[in-house]
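For reference, the chains in residue letters:
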Amino acid sequence: MELIQNTPEISAYLAADEVIDHEHPRVRALAATLSADASDAYTYAKAAFEFVRDTIPHSQDAGDPRVTWRASDVLAQRTGICYAKAHALAALLRAEGIPTALCYQKFDVVHGLVAVRLPGEDRWVRQDPRGNKPGVDAQFRLDREQLAFTVRPESNEADYPVLFAEPHPAVLQCLREAVDRPHLWQTLPTDL
């Protein structure tokens, strides 16, 4: 699948905003900690991915009713669904100058992940920080994708090829309006 930037300027995939708030002190501090042991952009990106995947539980898996959406809040509260975890990873990567896009897959509901473009690479590679559990084994890889879920077109599932510099409005709206995770589950977008 060819991934398509919805914004042609690569600088858009490095920008900070209200959601991908990589200028927040909490994001900056964690990025500095993770980068201290990283010898290059690949090592840093993998460390950031594994941090988000492994130390921030997916709120559904953990039974956590809280809803987070801003990257700094995800890092502070250590919880979030796929979208929130993607926002946190995007902020950590952008904080270190690694272009990062938000992207999505369609299952029963829309699933969120990221795509990264490391220095020296001429392509985007999708990564899924959702969090592993039995039956889910997402890994940081550049040679091939190893995402949490593989789409089945025969079941009306799809990979969206568009790479967004900012969260899709439907995703952000449901996160912002949710009073808790059970409410969020009733309002998750089923399509973009």
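Look a little higher up for the structure.
The structure displayed is predicted, hence computed values, not measured ones.

(A) Fine view of the side chain of T100. Among the secondary structure elements, T100 is positioned in strand β2 (residues 100–106). Residues contacting T100, with those up to four places away along its chain left out, are Y13, A90, L93, R94, V114, A115, V116 and W124.

(B) Representation of the pattern of salt bridges in the model. One pass over the full model with this rule turns up 12 salt bridges. In this structure, the salt-bridge partner of R66 is D64, at a minimum N-O distance of 2.7 Å. Of the residues examined, D64 reaches a relative accessible area of 14% and is grouped as buried. Here the salt bridges do not stand alone but share partners, grouping E18, R70, D73 and R176 into one network.

(C) Molecular detail of the sheet that holds β2. Here we have 4 strands laid out as an open sheet, ordered β4-β3-β2-β5, and antiparallel in their pairing. Each of the sheet's edge strands pairs with one partner strand only, and the pair in question is β4 (125–127) and β5 (158–159). As defined by bridge partners, β2 adjoins strand β3 (residues 110–116) across 7 bridges and the pair is classed as antiparallel. The partner of C103 across the bridge, within β3, is L113.

(D) Structural detail: the pairing of β2. When you tally the buried positions in β2, you get 7 out of 7 residues, the bulk of the element. Because side chains alternate across β2, one face comprises the buried residues T100, L102, Y104 and K106, and the other comprises A101, C103 and Q105, equally buried.

(E) Main features of the packing of helix α2 (residues 41–55) against helix α5 (residues 82–95). With their axes 10 Å apart at the nearest point, α2 and α5 run at an angle of 155 degrees to one another. Classified by the angle between their axes, α2 and α5 sit roughly antiparallel to one another. Considering only the axes of α2 and α5, their crossing is right-handed. On the side of α2, the interface is formed by Y44, A45, A48, F49, V52 and R53, while α5 contributes K85, A88, L89, L92 and L93. Considered class by class, the residues forming the contact of α2 with α5 number 9 nonpolar, no polar and 2 charged.

(F) Region of interest: the nonpolar core. Counting residues in hydrophobic clusters, the biggest one holds 51 residues, and the most contacted among them are Y83 and L92. For this core, the secondary-structure elements that each account for two or more residues are α1 (25–36), α2, α4 (71–77), α5, β2, β3 and α6 (169–177). Per-element tally for this core: the top contributor is α5, with 11 residues. If we skip the residues at most four places from it in the chain, L92 touches V27, L30, A31, L34, Y44, A48, V52 and L75. Ranked by size, the runner-up nonpolar core spans 11 residues in total, among them Y13, A101, L113 and W124.

(G) Expanded view of α2. An ideal rise of 1.5 Å per residue puts 21 Å on 15 residues; α2 measures up with 21 Å between its terminal C-alpha atoms. All buried positions along α2 are accounted for by Y44, A45, A48, F49, F51, V52 and R53. The inward-facing, buried residues of α2 abut α1, α4, α5 and β4. Among the residues of α2, the N-terminal cap falls to D40, whose side-chain oxygen and the backbone nitrogen of Y42 are separated by 3.3 Å.

(H) A look at the packing of aromatic side chains. Applying the stated criterion to the full structure yields 6 aromatic pairs. Taking 5.7 Å as the distance between ring centres and 70 degrees as the angle between the ring planes, the aromatic pair formed by F107 and F149 counts as edge-to-face. Note that F107 is positioned in the loop between β2 and β3 and F149 in the loop between β4 and β5, a separation of 42 residues in sequence. What makes F107 buried here is its relative accessible area of 15%. Residue classification places F149 among the partly exposed positions, given a relative accessible area of 28%. Here the aromatic cluster, defined as three or more aromatic residues joined through ring pairs, consists of Y42, F49 and F140. Between R176 and the ring centre of W69, over which it is positioned, the NZ or CZ distance is 4.7 Å. The ring of W185 is capped by R181, whose NZ or CZ atom sits 6.0 Å from the centre of that ring.

Conventions and cut-offs
Residues numbered from 1 in each chain as written. Predicted model: local features only at pLDDT ≥ 70, side-chain atom pairs only at ≥ 80, totals over all residues. Heavy atoms only, no water. Helix = DSSP H or I, 4+ residues; strand = E, 2+ residues; numbered from the N terminus. Contact = heavy atoms within 4.5 Å. Salt bridge = Lys/Arg side-chain N within 4 Å of Asp/Glu carboxyl O. Buried < 20%, exposed > 50% of the residue type's maximum accessible area, 1.4 Å probe, protein only. Pairing = 2+ DSSP bridges. Axes fitted to C-alpha atoms, helices over the stretch in contact; angles between N-to-C directions. Parallel < 35°, antiparallel > 145°, perpendicular 65-115°, else oblique. Left-handed = near helix turned anticlockwise from the far one by under 90°. Nonpolar A, V, L, I, M, F, W, Y, C, P; charged D, E, K, R; others polar. Core = buried A, V, L, I, M, F, W, Y, C linked by side-chain atoms within 4.5 Å. Expected span 1.5 Å × (residues − 1). Polar contact = N/O pair within 3.5 Å; in protein donor to acceptor, adjacent residues only side chain to side chain. Phe/Tyr/Trp six-rings, centres within 6.5 Å; stacked < 30°, edge-to-face > 60°. Lys NZ or Arg CZ within 6 Å of the ring centre and 35° of its normal.

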